[in-house]
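Now for the letters of each chain:
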Amino acid sequence: MNFVNQAQIPKTSIIKKPLKLNQIKPISRIQQIHKSNCSELRNQIKNNQSECHNIILFGPAGSGKSSLIQTFNQSLNQGKRKLENLCIQDLLHNEGTRQYQYFTIQDKQETVIKTNNKILKLLKTQINIIDTRGQILLNQKESKQIEVMLEGKVKDQIIVQQRDHRYAHMLWEFWKQDTELFPLEIFNTQPNQPNQVIFVFDGSLDQIPNGVEEIEFYREIIKLVRSRGKSIIIKVTQNPFIVLTSDKLEKKLSQMPHEKSIQIIDNRIQSIVKNLNIPREHVFFLENYHGQIQDDQIDYYSLKLLLECLRSQKQNIDNECNIF
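Below: a short report on this structure. Residue indices begin from 1 for each chain and proceed along its sequence in written order. pLDDT decides what is reported in this predicted model: residues at 70 or higher carry local features, side-chain atom pairs at 80 or more are listed and counted, and totals for whole chains, interfaces and linings draw on all residues regardless. Hydrogens and water molecules were not included; the side-chain quantities draw on all heavy atoms of the structure.

## Digging into the pattern of salt bridges
When a carboxyl oxygen of Asp or Glu lies within 4 Å of a side-chain nitrogen of Lys or Arg, that pair is called a salt bridge. Tallying each qualifying case throughout the model produces 12 salt bridges. Ionic pairing is found between lysine 35 and aspartate 296, a salt bridge with its closest N-O pair at 3.2 Å. Of this pair, lysine 35 sits in helix 1 (residues 29–46) while aspartate 296 is found in helix 7 (residues 296–323), placing the two residues 261 residues apart along the sequence. Note on lysine 35: relative accessible area 44%, which makes it partly exposed. Among the salt bridges present, the one from arginine 311 reaches glutamate 308, with a minimum N-O distance of 3.6 Å. Remark: glutamate 308 and arginine 311 occur in helix 7; sequence separation between them is 3 residues, near one turn of the helix. Think of it in three bands: with a 1.4 Å probe and only protein chains considered, a residue is buried below 20% of the maximum accessible area for its type, exposed above 50%, and partly exposed in between. Take glutamate 308: its relative accessible area is 27%, and that puts it in the partly exposed class. Runs of H or I in DSSP of at least four residues are treated as helices and runs of E of at least two as strands, each being numbered from the N terminus.

Here's what the structure looks like:
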C-alpha cells in the first residue's frame, strides 16, 4: 500500500500495545459470537462457486472508497495479503486515487477431490475490487467516464479522462461531443465488466448525498446502472449497494448514549434510501480499517457486505437461466 505522505501513515497511538498476562480480559460471549460469525462468513466467501467477481466502487472524492478496499482485504485475509499501489486520501486532502485500478483480494483456485469413484471440482472465486477516481465536478464528463468504466472497456492503472482537444486528421471526431473524446490508448481490447456496483459516501455528513446537485447526479448514475442490469450484453446487478463510511463519525458516536447514536445512524440510512430510491437492505454503515489491529466487529459487517455482493451476482445469473 502506498502512503502519499507522512500524514497518511497510521499513528502508533491507534495500535494497541501488547497486554501483560494479568491485564488480559476474557473474551465476552458477544465477541465469541462475532468471531464465530466472521469465520463462517469467510468460509462462505471462499467457497463461493463462480469464476470471477468484479466489484467497482464509485462515490465523491474522499468518501472512503480506497479505505473500503483496504477493509475488505484486511477482513477477508486477516493481514496475510498486501495490496500494492493502493492510495488512500490523507488528512492534507491530496486527491488520493486518480486511476482506474484493479485489486485482487482473493485468487481463483480449483480443487479436485476424488471420492467414491467420483471427481468433484471445488471452485474458489476470484474477487477483484476496482478503485476509481472520486467525482468532484458532478458534470456530464464525469457521468460519461462512469459509463465507460461500467462497460469494462478500460485498462488497469489508467486515468479515465477525456481529451480537451481534437485532432484535425481525425475528421470523424468532429461529430462527437466533448464528453466522448477519450484517448484510444485507455481502452482494453478484452472488456472485463463489473458484476456489482458499490457507491461510497461519507457517513459523517448530515445530508447524504451532500446537496441537491450531488443527489441528482447519483440518481442519474444509479438509473444508468439499472439500465445496464437489464441489458443482455452488459450484465451488472440492477440494485447497487450503498456504503456509508463512519470513519469521521466514530469518535462522536462513541461519546453519545447508545440510543442516540443508533438514531443518528438510522437517520443517515433513511436519508440515502429516500434520496436515491435504494432498498434499505442495500445500505451498509461501515467503519474502515486505518491501522487498527484485527477487529471482529469491523470484519463482520464488511464480510457480510462482500458476501451479499457475491450472492447478488449468483441471483442475477439464476434469473438469466430462468429467462432462457
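Right, picking up where we left off after that structure.
## Observations concerning the side chain of threonine 71
Locating threonine 71 in the fold gives a position in helix 2 (residues 65–77). A relative accessible area of 1% places threonine 71 in the buried class. Note on definitions: a residue-residue contact is assigned when non-hydrogen atoms from the two residues lie within 4.5 Å. Contact partners of threonine 71, with chain neighbours within four places excluded, come to Glu287, Asn288, Tyr289, Ile298 and Ser302.

## Quick look at the packing of aromatic side chains
What describes a pair of aromatic rings is the distance from one ring centre to the other and the angle between the planes of the rings. Classification of ring pairs rests on two measures: the distance between centres of Phe, Tyr or Trp rings, Trp counted by its six-membered ring, which must be within 6.5 Å, and the angle between planes, read as stacked under 30 degrees, edge-to-face over 60 and tilted in between. Evaluated as defined, the whole model comprises 8 aromatic pairs. With a centroid separation of 5.9 Å and an interplanar angle of 70°, the aromatic rings of tyrosine 100 and tyrosine 102 are classed as edge-to-face. Taken together, the ring pairs in this structure connect Phe58, Phe199, Phe201, Phe217 and Tyr218 into an aromatic cluster.

## Details of helix 6 (residues 258–276)
Residue count minus one, scaled by 1.5 Å, sets the expected span of a helix. Counted at 1.5 Å a residue, the expected span for helix 6 with its 19 residues is 27 Å, and the 27 Å between its end C-alpha atoms agrees. Among the residues of helix 6, Ser261, Ile264, Ile265, Arg268, Ile269, Ser271, Ile272, Val273, Asn275 and Leu276 are the ones counted as buried.

## Notes on the pairing of strand 8 (residues 283–286)
Side-chain direction in a regular strand flips from residue to residue, so the side chains alternate between the two faces of the sheet. Where burial is concerned, the two faces of strand 8 agree: the one with Val283 and Phe285 and the one with Phe284 and Leu286 are both buried. Two strands pair when backbone bridges link them, and strand 7 (residues 241–245) and strand 8 are joined in this way by 4 bridges, in the parallel orientation. Counted as the bridge partner of leucine 244 is phenylalanine 285 from strand 8. Strands are labelled as partners when DSSP assigns at least two bridges between them.

## Thoughts on the nonpolar core
Each nonpolar core is a collection of buried residues, namely Ala, Val, Leu, Ile, Met, Phe, Trp, Tyr and Cys, held together in the definition by side-chain atoms within 4.5 Å. In terms of nonpolar packing, the biggest core is built from 38 residues, with Phe199, Phe201, Ile242, Leu244 and Ile272 touching the most fellow members. Residue assignment for this core shows that the elements contributing at least two residues are strand 1 (52–58), helix 3 (140–150), strand 6 (196–202), helix 4 (212–229), strand 7, helix 6 and strand 8. In this structure, isoleucine 242 is in contact with Phe199, Phe201, Ile272, Leu276, Ile278, His282, Val283 and Phe284, ignoring residues within four places of it in sequence. Membership of the second largest hydrophobic core comes to 29 residues, among which are Ile55, Leu86, Phe284 and Tyr300.

## A closer look at the environment of leucine 310
Within the secondary structure, leucine 310 sits in helix 7. Expressed as a C-alpha distance, the spacing of leucine 310 and serine 50, which sit 260 residues apart in the sequence, is 8.8 Å. Contact partners of leucine 310, with chain neighbours within four places excluded, come to Ile45, Asn48, His53 and Ile127.

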